[in-house]
Every structure is written in C-alpha cells, then in structure tokens.
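Structure assessment
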Amino acid sequence: MHWIYLAAAIVFEVAGTTCMKLSEGFARPVPSILVGVFYCVCFYCLTIAMKTIDLSVTYAIWSGVGMALISAIGVLYFREPVTALKIFGTLAILGGIVALNLSAKAP
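We now turn to the structure provided with this report. (Residues numbered from 1 in each chain as written. Predicted model: local features only at pLDDT ≥ 70, side-chain atom pairs only at ≥ 80, totals over all residues. Heavy atoms only, no water.)

**A few points about unusual backbone geometry**
This is how the line gets drawn: In this text, helices come from DSSP runs of H or I with a minimum length of four residues, and strands from runs of E with a minimum of two, each type numbered from the N-terminal end.
Phi is positive for Glu24, close to 55 degrees, though the residue is something other than glycine. Take Glu24: it is sitting in the loop between helix H1 (2–22) and helix H2 (29–49). A positive phi angle is found at Arg79, which is not glycine, with a value near 60 degrees. Within the fold, Arg79 resides in the loop between helix H3 (55–76) and helix H4 (84–105).

**Examining the side chain of Ser32**
Inclusion rule: A simple rule labels every residue: compare its accessible area, found with a 1.4 Å probe on the protein chains alone, to the largest value its type can have, and call it buried under 20%, exposed over 50%, or partly exposed in between. In the analysis that follows, any N or O atom pair within 3.5 Å is treated as a polar contact, provided that within protein one partner can donate a hydrogen and the other can accept it, and provided that, for residues neighboring in sequence, both atoms belong to side chains. Any two residues whose heavy atoms approach within 4.5 Å are treated as being in contact.
Within the secondary structure, Ser32 sits in helix H2. The class of Ser32 is buried, set by a relative accessible area of 18%. A polar contact of 2.5 Å, which involves the side chain of Ser32, links it to the backbone oxygen of Arg28. For Ser32, the contacting residues outside a window of four places in its chain are Ser23, Phe26 and Ala27.

**A few points about a nonpolar patch on the surface**
Applied cut-off: The residues that make up patches have over 30% relative accessible area and no salt bridge, and they are joined within 9 Å when like-charged or within 5 Å when they are Val, Leu, Ile, Met, Phe, Trp or Tyr. Areas reported as accessible are Shrake-Rupley estimates using a 1.4 Å probe. Residue values count occlusion only from the protein chains shown. Salt-bridge detection follows one rule: a side-chain nitrogen of Lys or Arg within 4 Å of a carboxyl oxygen of Asp or Glu.
On the surface, Met50, Leu55 and Tyr59 cluster together into a nonpolar patch covering about 300 Å² of accessible area. Tracing the chain through its elements places Leu55 in helix H3.

Shown next, in the form of structure tokens:
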C-alpha cells in the first residue's frame, strides 16, 4: 500500500509543478492555488510512504521519477527543446534510482 502512496505523491508533485508553470509566476489564481493544494497532498502521501519504504529509496524514486515526468511534460506540452545532454542527464538520474533501489534490497 505504501508504494501506492509513493506513486500518488509523484503524481501530485508533477501536477503541482505543472501548475507552477501554468500560474505564470503566480499571476493566474487557479493554477496558483492548485500548486499549494497539490503539494500539500503530495507531501502527505510522501510521508505515509516513508513509514515503510527507506528514506533514501523513497526520496530517490519520488524526485527522479517526478523529474523524468516533468521533463517529458516540458518537451511534449510546453514544447521545450530536447538535447542529448538532457536525455543523458535524465537517464543518469534514473540509473541512480535503480542503483539505490537495488542497494536497499541487498543483504
């Protein structure tokens, strides 16, 4: 069940960050309010996930997967440019997540 809370925390973090961009510097009220709402729910879910999942693994997955999803939204929705360095950086971070997850399961 805690993995579901981690997944929910990722979804709400991505929604909050997307609303940050849509708020245009907190000039638009609805996305601005949603930033706070989504981040509050995100941190609640993240806290519940950390009850049973190691802190290092929880935070690595939350931040890494969130970063990858935000990068994809930036490219696909906001038409940000794709560069080889962005792709390499994203893959390096995701590789680190895998390494941390594997180390948590090692004896």
